[in-house]
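# Coordinate inspection notes
For reference, the chains in residue letters:
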Amino acid sequence: EITMKNWNEVKEEFETDGSLRDIYVEGVNSSVWDSFISYLKGSSYKIEFFHGDEKLKLPESLSSIKKLQETDPTTVHIWVKEGIQINCHFFIDSEIELDLSPYDVQNEHAYLDLIVFLKWVASSLKRPVKLTQEGMQDNIILNVN
């Protein structure tokens, strides 16, 4: 079930104000993370994984990424389309948090590409996904179940 909002209903949520927009999958554990990593690796999305400034192959598991984090931060960039970059920093085990710049979603076309990605995450993990204002998990722009 998707609480689908059309572009005109949400476009003001993507006004560029210097903050990011967050994507959450809550109530997960390391095995869900590992599934997410595996789905990402097998997807058609272009991904780039960084450990500090070094570009590496995306590891197979959250535990490998957590080990790397002992020395430098980790980030994976997911290119939904040429112009839309979604980032994952692997902050905590219990939720998958991604972020994107609203600057990348400035028209209906980009918004629909983002929705396709959100649906892909929700259906891959069989869990609800929400898009929110940065750092405000209750300020929900979209729910994808």
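The notes below deal with the structure included here. (Residues numbered from 1 in each chain as written. Predicted model: local features only at pLDDT ≥ 70, side-chain atom pairs only at ≥ 80, totals over all residues. Heavy atoms only, no water.)

## Focus: the sheet that holds strand β6 (residues 95-100)
Strand order in the open sheet made by the eight strands is β3-β2-β4-β5-β6-β1-β7-β8, with antiparallel pairing throughout. A strand with exactly one partner marks an edge of an open sheet, and here the two such strands are β3 (54-56) and β8 (136-144). Neighbour to neighbour, the strand axes of the sheet diverge by 30 degrees on average, direction disregarded. With three bridges joining them, strand β2 (residues 46-51) and β3 adopt antiparallel strand pairing. Residue pairing for β3: Phe49 is matched across the bridge by Leu56. (Pairing = 2+ DSSP bridges. Helix = DSSP H or I, 4+ residues; strand = E, 2+ residues; numbered from the N terminus. Axes fitted to C-alpha atoms, helices over the stretch in contact; angles between N-to-C directions.)

## With respect to helix α2 (residues 30-42)
The first and last C-alpha atoms of α2 sit 18 Å apart over 13 residues, in line with the 18 Å expected at 1.5 Å per residue. Three or more residues of α2 are buried, namely Val32, Trp33, Phe36, Ile37 and Leu40. Each buried residue of α2 sits inside an arc of 145 degrees when the element is viewed along its axis, so together they form one side. Those residues of α2 that are buried lie in contact with β2, α3 (62-69), β4 (74-81), β5 (84-88), β6 and α4 (108-125). (Expected span 1.5 Å × (residues − 1). Buried < 20%, exposed > 50% of the residue type's maximum accessible area, 1.4 Å probe, protein only. Arc of directions from axis to C-beta. Contact = heavy atoms within 4.5 Å.)

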